[in-house]
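# Overview (structure and organization)
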Amino acid sequence: MSSSNPLSGVNRPFMGIALILCATFLFASHDALSKYLSSLYPIVMVVWARYVVHTLLMAVIFLPQSGLRVLRTRRPLLQVARACCLLGTSLLFTTGLFYLPIAEATAVNFLAPLLVTAMSVPLLGEKVSRAQWAAVLVGFAGVLLVVHPDGAMFTPAVLFPFGSAICFGTYQILTRKLSETDSPTTSNFFTGLFNTLAVSALVPFFWQVPDLVGGLFMVALGTCGMLGHLLLTQAFRHAAPALLAPFGYGQIVFAGLLGALFFGHVPDAISLYGIAIICLSGLGAALMQRRRRA
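Computed from a prediction, not measured in an experiment: that's the story for all the values here.

It is worth spelling out the overall build of the protein chain at this point. Tallying secondary structure elements over the protein chain gives 12 helices and zero strands in all. Counting helices and strands in the order they occur from the N terminus, the protein chain gives α-α-α-α-α-α-α-α-α-α-α-α. For a compact globule of 294 residues, the expected C-alpha radius of gyration is about 19 Å, and the protein chain comes in at 19 Å, within 12% of that figure. Expressed along its principal axes, the backbone C-alpha trace of the protein chain runs to roughly 50 × 50 × 35 Å. Each of the 294 residues in the protein chain was classed as buried or not, and the buried ones make up 47%. Long-range pairs, those at least 24 residues apart, make up 91% of the contacts in the protein chain between residues at least 6 apart in sequence. Just so you have it, the protein chain exposes about 14,300 Å², and 72% of that area is on carbon and sulfur atoms. Across the protein chain, the centroid of the 17 positively charged side chains sits 17 Å from that of the 8 negatively charged ones.

This part is about helix H8 (residues 184-202). With 19 residues, H8 ought to run about 27 Å at 1.5 Å a step, and its terminal C-alpha atoms sit 27 Å apart, in line with that. Restricting attention to buried positions, one finds in H8 the residues Thr186, Ser187, Phe189, Phe190, Thr191, Gly192, Asn195, Thr196 and Val199. The inward-facing, buried residues of H8 contact helix H2 (43-66), helix H3 (76-99) and helix H7 (159-178).

Tracing the sequence through the fold places threonine 106 in helix H4 (residues 102-109). When neighbours within four sequence positions are excluded, threonine 106 is seen to be in contact with Asp31, Phe93, Gln251, Ile252 and Ala255.

Contact geometry for H3 and H8: axes closest at 9 Å, N-to-C directions at 65°. Between H3 and H8 lies a crossing of right-handed hand. Contact residues: H3 offers Pro76, Gln79, Val80, Arg82, Ala83, Cys84, Leu86 and Leu87, while H8 offers Thr186, Ser187, Asn188, Phe190, Thr191, Phe194, Asn195, Ala198 and Val199. When the residues that make up the contact of H3 with H8 are grouped by side-chain class, the tally is 10 nonpolar, six polar and one charged.

Ranked by internal contacts, the top residues of the largest apolar core, which has 33 residues, are Val108, Val143, Val146, Met153, Ile252, Ile275 and Ile278. Setting aside anything within four residues of it in sequence, one finds valine 146 in contact with Glu104, Val108, Met153, Ser271, Gly274, Ile275 and Ile278. Counting 23 residues, the second-largest nonpolar core is a separate cluster that includes Val46, Val47, Val52 and Leu221.

Looking at the secondary structure, you find threonine 55 in helix H2. Residue threonine 55 is classed as buried on the basis of its relative accessible area of 9%. Counting along the chain gives 171 residues from threonine 55 to methionine 226, while the straight-line C-alpha distance between them is 8.3 Å. Among residues more than four places away in sequence, those in contact with threonine 55 are Phe189, Gly192, Leu193 and Thr196. A polar contact of 2.9 Å, which involves the side chain of threonine 55, links it to the backbone oxygen of glycine 192.

The next subject is H2. Counted at 1.5 Å a residue, the expected span for H2 with its 24 residues is 34 Å, and the 33 Å between its end C-alpha atoms agrees. At valine 60, H2 shows its largest bend, some 35°, and a proline, proline 64, comes one to four positions later.

As a further point, take a nonpolar patch on the surface. On the surface, a nonpolar cluster with roughly 900 Å² of combined accessible area is contributed by Tyr36, Leu40, Leu212, Val213, Leu216, Phe217, Leu261, Phe262 and Phe263. Taken together, the elements giving at least two residues each to the nonpolar patch come down to helix H9 (212-238) and helix H11 (250-263). With four residues, H9 is the largest single contributor of residues to the nonpolar patch. In this structure phenylalanine 217 comes out as partly exposed when scored by relative accessible area, which is 30%.

Scoring rules and cut-offs
- Residues numbered from 1 in each chain as written.
- Predicted model: local features only at pLDDT ≥ 70, side-chain atom pairs only at ≥ 80, totals over all residues.
- Heavy atoms only, no water.
- Helix = DSSP H or I, 4+ residues; strand = E, 2+ residues; numbered from the N terminus.
- Rg over C-alpha atoms; globule rule 2.2 N^0.38 Å.
- Buried < 20%, exposed > 50% of the residue type's maximum accessible area, 1.4 Å probe, protein only.
- Contact = heavy atoms within 4.5 Å.
- Areas by Shrake-Rupley, 256 points an atom, 1.4 Å probe, with all protein chains shown as cover.
- Lys, Arg positive; Asp, Glu negative; His and termini not counted.
- Charge placed at Lys NZ, Arg CZ, Asp CG, Glu CD.
- Expected span 1.5 Å × (residues − 1).
- Axes fitted to C-alpha atoms, helices over the stretch in contact; angles between N-to-C directions.
- Left-handed = near helix turned anticlockwise from the far one by under 90°.
- Nonpolar A, V, L, I, M, F, W, Y, C, P; charged D, E, K, R; others polar.
- Core = buried A, V, L, I, M, F, W, Y, C linked by side-chain atoms within 4.5 Å.
- Polar contact = N/O pair within 3.5 Å; in protein donor to acceptor, adjacent residues only side chain to side chain.
- Bend = angle between axes of the 7 residues up to and from the residue.
- Patch = residues over 30% accessible without salt bridge, like charges linked within 9 Å, V, L, I, M, F, W, Y side chains within 5 Å.
- Salt bridge = Lys/Arg side-chain N within 4 Å of Asp/Glu carboxyl O.

Encoded structure:
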């Protein structure tokens, strides 16, 4: 996913933007399907279907060219911890979608980049400036606006996407650590396989035979997740992360559109202000981090 290689095509910004917008649309579609399926089937079963399809697709793509070497890791315990964090994200966020509107839940989950900024101090030993801490606090203020009294998010269920953001932030921290020793393909395949096996041990207790439409939607769920990750990886091969970062927040916009179209929910004005604040604070923190590294 490096953007520094001059041979990687990183000077094609419009291609990168198009790819990341397609990826964010697929992620938002994945969440919309999760919300719909969780109203019909147990959440564990929905998450299981997502990982099974994702892992099978990765196996078809990568095993013929790499074989089982793709699973070789120099830090297996860290890979297991990373996989558990992503599994926690999936279970918590899907549970949150069962109770909450997609756009607002997605916005709360986008606290993860800000949490990475905060957690990078004790876990990675990085220095965080006062301005970066201010961006973190502003992001939390945005969440308070989203979770305002009389709003759809003013319920204890908001703890599910908030917990998901914590898990996803930790997942990103571990991804940084593992990038020093393992390839992105190894990390993603290991995570998919481990989580497939873990949820497969639970799914017999929640099994419910899906009908044809439900089964097709489950396949679509895993396909959206897998294709979204592939397109995201390709986007960073065509354009720099600093350019693409703002477009990543397009997922919240797509989530709002899908939520209005299929579930009849439109965020109120206060929630929209909160969502905008979360996006701006996340972008600000990313920009400041990039400047410090430069």
